[in-house]
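Residue-level structural notes
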Amino acid sequence: MSAVTARAPVHLPRAIALCGGSIVVAFLVQTAVLPALGASAAIPLVFSTVVLLGVALGSRTGAVCGFLAGLLLDLTGVGVLGVGALLGTLLGAAAGRLRVDRWWLSGVPTAAVMTMLAALAYGGINAALAGLPVSLGRSPWWVVLGGLVGMMALLPLRGVLREAVR
């Protein structure tokens, strides 16, 4: 049995507190702290956190966390309601299926690409549904850099998160 399928049961109140707190902190850093520091709010820290929670806690928990994170982005942003929730759900569920081993950077390239694609799709779908031209501008560079650095910083914490909810 692989390490991904041999997960111990999750303590539900701890998992709820951890997921909710992680998403809120990632949202606040992405929307308030990064722009104040001169970085772009296009850095997909919320989606990176969803991938981390999906890898650490499984597909079902990742999908629920992704839905809530995407809904938070939808409710506080200028996009169409439901786009972020759908993308977050798909991202969290897919992240729970990633095969990672004990090496601390295992899975980073795949997780970073998943994060980047979700963030770019979020912006592109919202622009298309609003009737705006879909342009790439300078934002994709922030998405690529943020997705890669975010996953390199967050994904090694998956073991800590697993132990925190046991």
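Refer to the structure printed above.
Note that the structure is a prediction, hence the values are computed from the model and not measured. Residue positions are given per chain, counting from 1 as you read along its sequence in written order. Where totals are concerned, whole chains, interfaces and linings use all residues; where local detail is concerned, this predicted model gives features only for residues with pLDDT of at least 70, and gives and counts side-chain atom pairs only at 80 or more. With hydrogens and water stripped out, all remaining heavy atoms of the structure feed into the side-chain values.

**Overview of the environment of Ala17**
- Structurally, the position occupied by Ala17 is in helix H1 (residues 12-36).
- For Ala17, a relative accessible area of 53% translates into the label exposed.
- Linking Ala17 and Val165, residues 148 residues apart in sequence, is a C-alpha distance of 9.3 Å. Strands are runs of DSSP state E lasting at least 2 residues, helices are runs of H or I lasting at least 4, and numbering of each runs from the N terminus. In this scheme, a residue with accessible area under 20% of its type's maximum is buried, one over 50% is exposed, and one in between is partly exposed, where area comes from a 1.4 Å probe on protein chains only.

**Comments concerning the environment of Leu86**
- Assignment of secondary structure puts Leu86 in helix H4 (residues 83-95).
- Along the sequence, Leu86 and Val29 sit 57 residues apart, while their C-alpha atoms lie 22 Å from each other.

**Details of the environment of Gly131**
- With respect to the helices and strands, Gly131 occurs in the loop between helix H5 (108-129) and helix H6 (139-154).
- The exposed category is assigned to Gly131, whose relative accessible area is 64%.
- Sequence separation between Gly131 and Pro13 is 118 residues, and the spatial gap between their C-alpha atoms is 42 Å.

**Considerations on H5**
- For H5, with 22 residues, the first-to-last C-alpha span of 31 Å sits near the 32 Å given by 1.5 Å per residue.
- Residues of H5 that are buried: Val108, Ala111, Ala112, Met114, Thr115, Met116, Ala118, Ala119, Tyr122, Gly124, Asn126 and Ala127.
- Throughout, a residue-residue contact means that at least one pair of heavy atoms, one from each residue, lies within 4.5 Å. Of the surrounding secondary structure, the elements contacted by the buried residues of H5 are helix H2 (45-57), helix H3 (59-76), H4 and H6.
- Of the residues flanking the end of H5, it is Gly131, one or two places downstream, whose phi is positive at about 80 degrees. Multiplying one less than the number of residues by 1.5 Å gives the expected span of a helix.

**What about the side chain of Asp74?**
- Inspection of the secondary structure assignment puts Asp74 in helix H3.
- Comment: no salt bridge for buried Asp74; closest opposite-charge side chain is Arg60, at 21 Å.
- Polar contact criterion, stated in full: a pair of N or O atoms within 3.5 Å, where within protein one must be able to donate a hydrogen and the other to accept it, and residues adjacent in sequence count only if both atoms are side-chain atoms. At 2.9 Å, the side chain of Asp74 and the backbone nitrogen of Gly82 are in polar contact.
- A polar contact of 3.4 Å, which involves the side chain of Asp74, links it to the backbone nitrogen of Val83. We score Asp and Glu as negative and Lys and Arg as positive, and we do not count His or the chain ends. Any carboxyl oxygen of Asp or Glu within 4 Å of a side-chain nitrogen of Lys or Arg constitutes a salt bridge here.

**A closer look at a nonpolar patch on the surface**
- Residues form patches when they are more than 30% accessible in relative terms and have no salt bridge. Like charges link within 9 Å. Nonpolar side chains (Val, Leu, Ile, Met, Phe, Trp, Tyr) link within 5 Å. With residues, only the protein chains shown are counted as cover, and all accessible areas are computed by Shrake-Rupley using a 1.4 Å probe. A cluster of nonpolar side chains, contributed by Val64, Phe67 and Leu68, occupies part of the molecular surface with about 270 Å² of accessible area.
- Turning to its location among the elements, Val64 is positioned in helix H3.
- The exposure class of Val64 is partly exposed, given its relative accessible area of 47%.

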